[in-house]
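# Descriptive structure summary
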Amino acid sequence: MRVVLAEDLFLLRDGLVRLLEAHDFQIAAAVDNGPGLTRALADLRPDVAIVDVRLPPSFTDEGLQCALQARSEQPGLPVLVLSQHVERLYARELLADGNGGVGYLLKDRVFDADQFIDAVRRVAAGGTAMDPQVIQQLLAQRGGHNTPLERLTPREREVIELMAQGRSNAAIAERLVVTERAVAKHTSNIFTKLGLPPSDDDNRRVLAVLTYLER
Amino acid sequence: MNGQRVRSALLAAAQGLLLSLLSLGVSLLLFILFVLSLVFVGLGIGLFTTPVIVDAIRAHANQRRTFAKDWYGISIHAGYRPLPGGPRPGLAGQVERTVHMLKDPATWRDVGWLFVDAVAGFVTSLLPWALFGYALYGLVLLCGVWQPIVGAGGTFWFAFVPISSWFTAVLAALTGLALAGVALRWNPLLLTGHFQMTRALIGASEKRLLAQRVARLTETRHDALDNSAAELRRIERDLHDGAQARLVAMGMSLGTIEALIEKDPEQAKHLLAQARENSAEALSELRDLVRGIHPPVLAERGLGDAARALALRMQLPVEVDVELPGRLEEPVESAAYFAISEILTNAAKHAEAERAWLDIYYNGTARTLRIAITDNGRGGASLEAGSGLRGLERRLGAFDGVLAISSPAGGPTLVTIEIPCSLAEPGHRTALR
């Protein structure tokens, strides 16, 4: 699998290259600035791009802008965005085109190599990987009384959190140490309570959940 | 003669009516009360009445300043000396206050103005409406009202026209119309004269305004320095107790792991997990700290998106409306962001609001950033209530920003902030690292 990596801090870039190579990814390009990233994405057409939000020369959200721009030119181009902070605002912009194949994670998530690699693979396959903090920001908001979200049981909230991160029923079952059938029951309850059409496709259901939560 | 002129002349007549009541009635009354109160200072009673009356005089003068500004765009600066250290209770405080007020030259200028206002001010405000009134009177006479009056005896005078027949009555009416013409032409000018006279008498001098500006700058600079020192202390403490301590703990764990890795791999593994947890905690603490120093979204996107991101983080739903033509100066962005953050947090925590509305608007002509935050909480917030609002006001003071609150008990609460500032020139912002 060919990866384009954009990260301006040498230590992190180097670490990521090593981590990815150890997991049999092929680094097509590792760049340290926005214009370089745009060129690499257009010329190399990688299977997945891993992009830091803040890049030179402007040190604003250059990386995010380049990624969004590239996705508008190559719809569905898988992009995993890394940042020192996560904002719902950015998550919303990444998910806006509804094409899937997006990830948005805190840089800390790299610590857990297995989970990180799993997230990269999921995004490359057209799925989603949302940082748990994005979901927590969503769930923390008090949406007034009697919103459907308030009617979820604590267990269902755990499930929706994992679901929104982009995990499959099997992965959720493993994480919560329950059977897959129990998870399936929870998810169908959640879909009913939130009034969403049931779906088996992992990516579609993540988008459904997130769209619902963003309302 | 166009409609605009007629309208402004009639408006001036109405304004003149109000002003003549204020100048002859209120100004004269206050002047007399002040003189009496001054006489009674010797008896002691004056100590208590003088501050009250001076306050009333100032309110009266400020009322005129407002009219001058609103009606004819004439700025009359106040420039009263603020009482240093605020009012103190008791007799000593009362004496201090009286003496302070009597020592302020602005008080004496006000008193002088009261007297002039009652005479010249009255005349200039009387004419705009009296001329119209007299003209109307002339027309009423023409309707035949002069007949019984003249019939009862002698000649009847309208201005300088003696009325004794229809011919002279018509002459009187024409004179009245001429007077109305004068009013139509000169009314706004009369009132402008009225306010210019007021400005000459009670407007603060340039020197006075500059002195006040210097005093204000000294105060806000002091606050700003104090504030940034406190902020640095807080950051130092947070780093010291947080990230630094965690890194020390991590280092120690790693040292132990080194020693244990062959003897007791199980224990080493456990410690490794702990070290990783510590590093994650340290990162998360640093992230919170960074957000408190300068939020990353603010650096990346500017005030508008930072406010939107902040609203998404709030516990209560916030409706955000932003109208900014570009990025603002960095210090203003930051100050505005933290002000919004504090006010929204107040709304969620103290006011127990269910919803909030945030409006950010930049007025390009006035070069002012205006922020309005409304919530449907229980209200009752004030600058005096010891909330963080006073501190917030002081921090905005460094930018000559002002903060106003309207928060009746039971809500809703509306906080308005205005900060004069200009837009940042693209490319002139320092790169952030």
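All values reported here derive from a predicted model rather than from experimental measurement.

Here we come to the sheet that holds strand 1 (residues 2–6) of chain A. Residue and element names in this part refer to chain A. In space, the six strands of this open sheet follow the order 2-1-3-4-5-6, with parallel pairing throughout. Strands with a single pairing partner mark the edges of an open sheet, and in this sheet they are strand 2 (26–31) and strand 6 (128–130). This sheet shows a mean twist of 20° between the axes of neighbouring strands, independent of strand direction.

Before going further, it helps to spend a moment on the UniProt feature "domain: Response regulatory" (unreviewed entry) in chain A. Sites flagged by UniProt as "domain: Response regulatory" (unreviewed entry) map to residues 2–122 of chain A. Counting secondary structure, residues 2–122 of chain A comes out at 45% helix and 21% strand; the distance between its end C-alpha atoms is 14 Å.

A few words on the domain arrangement of chain A. Assigned domains within chain A: domain 1 (2–131) and domain 2 (141–214). Just the C-alpha atoms count here: the centres of domain 1 of chain A and domain 2 of chain A sit 26 Å apart.

Quick look at the environment of Arg92 of chain A now. Note that Arg92 of chain A resides in helix 4 (residues 88–95). Once the C-alpha coordinates of Arg92 of chain A and Leu210 of chain A are considered, the two residues, 118 residues apart in sequence, prove to be 8.7 Å apart.

All names here are of chain B. Direction of pairing for strand 4 (residues 356–363) relative to strand 5 (residues 368–375): antiparallel, over a ladder of eight bridges. Within strand 5, the residue paired with Ala356 across the bridge is Asp375. Connecting the antiparallel pair strand 4 and strand 5 is a turn made up of four residues, with Arg367 showing a positive phi of about 50°. In this sheet, strand 7 (residues 413–420) lies alongside strand 5 in antiparallel orientation, the contact comprising eight bridges. Bridge pairing in strand 7 places Ile371 opposite Ile417.

Before going further, it helps to examine the packing of helix 8 (residues 169–176) of chain A against helix 9 (residues 180–194) of chain A. In a packed pair of helices, the relevant descriptors are the angle between the two axes and the axis-to-axis distance. All names here are of chain A. Two elements in contact, helix 8 and helix 9, have axes whose closest approach is 8 Å; the angle formed by their N-to-C orientations is 110°. By the angle between their axes, helix 8 is roughly perpendicular relative to helix 9. The way helix 8 lies across helix 9 gives a crossing that is right-handed. Mapping the contact onto sequence places Asn169, Ala170, Ile172 and Ala173 in helix 8 and Glu180, Val183, Ala184 and Thr187 in helix 9. Looking at the contact of helix 8 with helix 9, its residues break down into five nonpolar, two polar and one charged.

How each quantity is defined
Just so you know, the residues in each chain are numbered from 1, in the order the chain's sequence is written. All chains are assigned letters beginning at A, and all ligands numbers beginning at 1, according to the order in which they are written. Where local features are concerned, this predicted model is filtered to residues with pLDDT of at least 70; where side-chain atom pairs are given and counted, the filter is 80 or more; whole-chain, interface and lining totals use all residues. Two strands are said to pair when DSSP picks up at least two bridges between them. The helix and strand labels rest on DSSP assignments: H or I over at least four residues marks a helix, E over at least two residues marks a strand, and numbering proceeds from the N terminus. Axis geometry follows a simple rule: fit a line to the C-alpha atoms, using only the stretch in contact for helices, then measure angles between N-to-C directions, giving values from 0 to 180 degrees. UniProt positions are given in the numbering used here, feature names are shortened, and annotations may be inferred rather than shown by experiment. The domain limits used here are those given by an automatic or database domain assignment. Any angle from 65 to 115 degrees is called roughly perpendicular, while one under 35 is roughly parallel, one over 145 is roughly antiparallel, and all others are oblique. Two helices crossing with the near one rotated counterclockwise from the far one by less than a right angle form a left-handed crossing, whereas a clockwise rotation gives a right-handed crossing. What counts as a contact here is a pair of residues whose C-beta atoms, placed from the backbone, lie within 7 Å. Each residue gets one label: Ala, Val, Leu, Ile, Met, Phe, Trp, Tyr, Cys and Pro are nonpolar, Asp, Glu, Lys and Arg are charged, and the others, such as Gly, are polar.

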